[in-house]
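Letter by letter, the chains look like this.
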There are 2 protein chains.
Amino acid sequence: MLTEIITIGDEILIGQVVDTNSAWMGQLLNRNGVKVHQITSVSDDPAHIIQALDLAKARVDIVLITGGLGPTKDDLTKKTLRDYFGMNWRIDDQVTEDVIKRFAAFGKVASEINLLQAQVPDGCRVIRNLNGTAPGMWFEQNGKIFVSMPGVPFEMMSMMEHGVLPLLREKLKLPFIYHKTLLTQGVGESVLAEKIEAWEDSLAALGIKLAYLPSTGMVRLRLSSSGQDEVAIKNNVHQKIAEVLPLIGQFIFGYDEDTLETVLGKLLLEQNATIATAESCTGGYLAHRITSIAGSSAYFQGSVISYANEVKTAQLGVPADLIAQHGAVSEEVVSVMAKNCREKFQTTYAIAISGIAGPDGGTEEKPVGTIFMAVANSTEIRTHKVQYGGNRERNIQYAALTALFLLRKVMLRLD
Amino acid sequence: MLTEIITIGDEILIGQVVDTNSAWMGQLLNRNGVKVHQITSVSDDPAHIIQALDLAKARVDIVLITGGLGPTKDDLTKKTLRDYFGMNWRIDDQVTEDVIKRFAAFGKVASEINLLQAQVPDGCRVIRNLNGTAPGMWFEQNGKIFVSMPGVPFEMMSMMEHGVLPLLREKLKLPFIYHKTLLTQGVGESVLAEKIEAWEDSLAALGIKLAYLPSTGMVRLRLSSSGQDEVAIKNNVHQKIAEVLPLIGQFIFGYDEDTLETVLGKLLLEQNATIATAESCTGGYLAHRITSIAGSSAYFQGSVISYANEVKTAQLGVPADLIAQHGAVSEEVVSVMAKNCREKFQTTYAIAISGIAGPDGGTEEKPVGTIFMAVANSTEIRTHKVQYGGNRERNIQYAALTALFLLRKVMLRLD
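**Q** Would you mind going over the interface of chain B and chain A with me for this structure?
**A** How big an interface is tends to be reported as the loss of accessible area on association of its parts. Facing the 57 residues of chain B at the interface are 57 residues of chain A. Taken together, both faces of the contact between chain B and chain A bury some 4200 Å²; the carbon and sulfur share is 57%. The tally of links between chain B and chain A comes to zero salt bridges. Our count for the contact surface shared by chain B and chain A stands at 30 residue pairs in polar contact (both at pLDDT 80 or more). Here the side of chain B that touches chain A is composed, by residue class, of 24 nonpolar, 28 polar and five charged. Judged from the three bridges that link them, strand β2 (residues 35-42) of chain A and strand β2 (residues 35-42) of chain B form a sheet pairing that is antiparallel. Bridge pairing links Thr 40 of chain A to Thr 40 of chain B in β2 of chain B.

**Q** How should the sheet that holds strand β1 (residues 2-8) of chain B be read in this particular structure?
**A** Strand pairing in a sheet relies on backbone hydrogen bonds, with the paired strands running either antiparallel or parallel. Strand order in this open sheet of 12 strands is β6(A)-β7(A)-β8(A)-β3(A)-β1(A)-β2(A)-β2(B)-β1(B)-β3(B)-β8(B)-β7(B)-β6(B), and the pairing throughout is mixed. Across the chains shown, the open sheet's two edge strands, defined by having one partner strand only, are β6 (125-127) of chain A together with β6 (125-127) of chain B. Between one strand axis and the next, the sheet turns through 20° on average, direction left out of account. As paired elements, strand β3 (residues 62-66) of chain A and strand β8 (residues 144-149) of chain A share five bridges and run parallel to each other. What sits directly across from Ile 62 of chain A, in β8 of chain A, is Ile 145 of chain A. Against the sheet, helix α2 (residues 20-31) of chain A engages β1 (2-8), β2, β3 and β8 of chain A, with an angle of about 160° to β1 of chain A. Contacting β1, β2, β3 (62-66) and β8 (144-149) of chain B, helix α2 (residues 20-31) of chain B runs over the sheet at an angle of about 160° to β1 of chain B.

**Q** Could you clarify how one ought to interpret the sheet that holds strand β9 (residues 176-184) of chain B in this entry?
**A** Residues and elements named next belong to chain B. Overall, antiparallel pairing links the four strands, which are arranged β10-β11-β9-β12 in an open sheet. A strand with exactly one partner marks an edge of an open sheet, and here the two such strands are β10 (209-215) and β12 (252-255). Strand-to-strand, the axes of this sheet are offset by a mean angle of 25°, without reference to chain direction. Pairing of β9 with β12, which is carried by three bridges, proceeds in the antiparallel orientation. Within β12, the residue paired with Thr 184 across the bridge is Ile 252.

**Q** Please explain the side chain of Gln 301 of chain A as it appears in this structure.
**A** If you trace the backbone, Gln 301 of chain A turns up in strand β14 (residues 300-306). Once residues within four sequence positions are removed from consideration, Gln 301 of chain A is found in contact with Thr 274, Ile 275, Phe 345 and Thr 347 of chain A together with Ile 305, Ser 306, Tyr 307, Ala 308, Glu 310 and Val 311 of chain B.

**Q** Would you explain the pairing of strand β11 (residues 218-227) of chain B in this entry?
**A** Side-chain direction in a regular strand flips from residue to residue, so the side chains alternate between the two faces of the sheet. Residues and elements named next belong to chain B. Here β11 lies mainly inside the structure; eight of its 10 residues are buried. In this structure, β9 lies alongside β11, joined through nine bridges in antiparallel fashion. Bridging from a neighbouring strand, Tyr 178 pairs with Ser 225 of β11. Two elements, β10 and β11, share seven bridges in a ladder whose sense is antiparallel. Across the sheet, the residue bridging to Leu 210 is Leu 223, located in β11. Adjacent in sequence and paired antiparallel, β10 and β11 are bridged by two residues, among which Gly 217 carries a positive phi angle near 70°.

**Q** Looking at this model, I keep getting lost on the relation of the copies chain B and chain A. Mind explaining?
**A** Superposition of the two copies of the chain requires a rotation about an axis together with a shift along that axis. Turning chain B through 180° and shifting it by 0.0 Å along the axis lays it on chain A, with an RMSD of 0.1 Å. Viewed as a symmetry operation, the transformation between the two copies matches a two-fold axis. Interface residue correspondence from chain B to chain A reaches 100%, placing this contact among same-surface, isologous pairings.

**Q** Would you take a moment to explain the packing of aromatic side chains for this structure?
**A** Where two aromatic rings form a pair, the distance of their centres and the angle of their planes describe that pair. Residue and element names in this part refer to chain A. Evaluated as defined, the whole model comprises 16 aromatic pairs over all chains. Seen from their ring centres, Phe 85 and Phe 139 are 4.6 Å apart, and the 20° between their planes marks the pair as stacked. On the criterion of sequence distance, the pair formed by Phe 85 in the loop between α4 (76-84) and β4 (89-91) and Phe 139 in strand β7 (residues 136-141) is long-range, its members being 54 residues apart. Assigned by exposure class, Phe 85 and Phe 139 land together as buried. Put simply, the rings of Tyr 84, Phe 85, Phe 139 and Phe 146 pair up and form one aromatic cluster.

Rules and cut-offs
- Residues numbered from 1 in each chain as written.
- Chains lettered and ligands numbered in written order.
- Predicted model: local features only at pLDDT ≥ 70, side-chain atom pairs only at ≥ 80, totals over all residues.
- Heavy atoms only, no water.
- Contact = heavy atoms within 4.5 Å.
- Buried area = accessible area lost by both parts, 1.4 Å probe.
- Salt bridge = Lys/Arg side-chain N within 4 Å of Asp/Glu carboxyl O.
- Polar contact = N/O pair within 3.5 Å; in protein donor to acceptor, adjacent residues only side chain to side chain.
- Nonpolar A, V, L, I, M, F, W, Y, C, P; charged D, E, K, R; others polar.
- Pairing = 2+ DSSP bridges.
- Helix = DSSP H or I, 4+ residues; strand = E, 2+ residues; numbered from the N terminus.
- Axes fitted to C-alpha atoms, helices over the stretch in contact; angles between N-to-C directions.
- Buried < 20%, exposed > 50% of the residue type's maximum accessible area, 1.4 Å probe, protein only.
- Least-squares fit on C-alpha atoms with pLDDT ≥ 70 in both.
- Phe/Tyr/Trp six-rings, centres within 6.5 Å; stacked < 30°, edge-to-face > 60°.

In structure tokens form, the structure reads like this:
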């Protein structure tokens, strides 16, 4: 079953908008066993849209279209599709009701223009829009499926998940597909591959595929399996995960959609623990990562961002002569920062970071990208030094991420 | 002159990678008067690539191809293009030299596989890669131009700017195009349009186009003009900008690629001033924005992130009974936070933020998205209240941005 995604909109062609919809759809479809063969972005022009539809239906079985719906686009896609399939207009009562209700929820009355959303080609099946007013439209012609959706990401996403995918599953009798992703950190792709070589070889016999997906500071391992027997498929995948844990368990910090911040947040709640940060070169980014999680106020107390050396001394009690002796970017200073931060905020743990984010400020001994970090609890201060490159943004991001991994090690008493 | 962008790579179709290259190229080309007619993403498959090339050359004059170069892709695109144009291999000495030098810079010797990068179709013109080893390739056939570039963004970007665009300019005798963008804040698109209506109407006579480009917390106004007489074009645009300043000057915080952080950084340096932040709901994000600018250590001293109320009291001297009386999210508390933060860090200015980022923690009186901010200097404490919605991430981002705008007003003594 091959799919083509067609995105409609001049804003994509002039680069005003990055097409994130297609990647999101590609991921969702791929996870569900539907292969995306091509992505085509065309202009707000009926002739161009029709050409794209003609070419797509010659190549693939399913054509998913986003964009060009709604009043500001003058419903270009809807009109073009109606003409393309030679249909008439009809009013869809469910859409009328949805539009009226949506406006009423905001204390408003839907205008005549708003109610035009309910006008759809009479041969299409309507896909309800749970996050907006423009409905999705499902067409079938000569065994090919065409679906038109709005371009607004969160409208399209909900429509794909709750409307389009279930229908595709039913129509195409898609097999059950199961994915489980292990999130690892602190180990490179090649070392990981070596450690699990024999295990990896054993996956094929069970019809399980393994993908290495590297991303910032981590490697994700995705196991995938598909077929008709849902219970057997899940059991096989879980069995294989149980087998790999003794080999690389210490590197696995989470599964699937977990992030390090959420995993650590849960861990802090479980331990009934609190945390504070003392940041120099990360300038608040570490605290920002921690507090980006809803509910983080249950464990995060606060931070001192000590960009200036005087602040390190005045607010974090780092002796001025310690800074003079070792430099602000040193294991000695970052250790005191962590220790005193923990005492100042009376938390279970404290993380401290001091480094040279760049692009300036490096020396021969401590070039740009030299960053020290420390995690303190009541019994130890664990330190770690990294040497990154010259990119300020990446240095800040990697340092915060690595410090969070260091926290995890201390919390779980890992080496 | 119409262009089609073809991106090659399964990783885009399965959604592992978001195609940001095309949007970047679309922007660059559009700014330079070359229209992108279509973007097509195809799989790592020679037959599919050839089909895309055939269709593209029937539609457009210029075909820009990214991806599928380099050893991991087994140089799929290079081989396909050689066959497509019926060429032989040749070795390009400049590429050989570039590859050897690039490895030597890292103290390494280029392997035979690395040196294969210099093998190119003998009828193409090589575009040097200043950021990698895979060269770009420029083909011409029946008046159509085809350019193949690597998919790695920073290799492609430098190649487009320094190699492909200058060549296109020369070959196509592109007119001179001039853009100047005014960055405004604190005023909506419709109010802005009203204020400058007469001025906007006067642009057409000089061949100047105006585009409204709204983005997070701001509206950008882009003036564009093109033609052969570079001096006259620039003068006209500058003249028109001089005319619009009396109308909306107080909303303009910068030009072109400026960001609020860089503009404020320059302003702080000019005033020989320093700054600190006291943050509750933004959790360090404001400090992160300020310190994302290289050289910010010249004016940024530090922050107290007072997530817990006890930290507001202990570290920022906010009386506990003030919090009890007005709530931590109040004008009274945020004022004291700003005042005491400024004194604590002995800075010229201090910014304080306290609010309910959500999704939980709202009340009827102060729903999620209620955020207070204050900016203190030696003579005044300016406060501002905003009421955003329920999205935590957006609340944090908007609050930091709005607080920076408040700082700008205080620094420039604007109302």
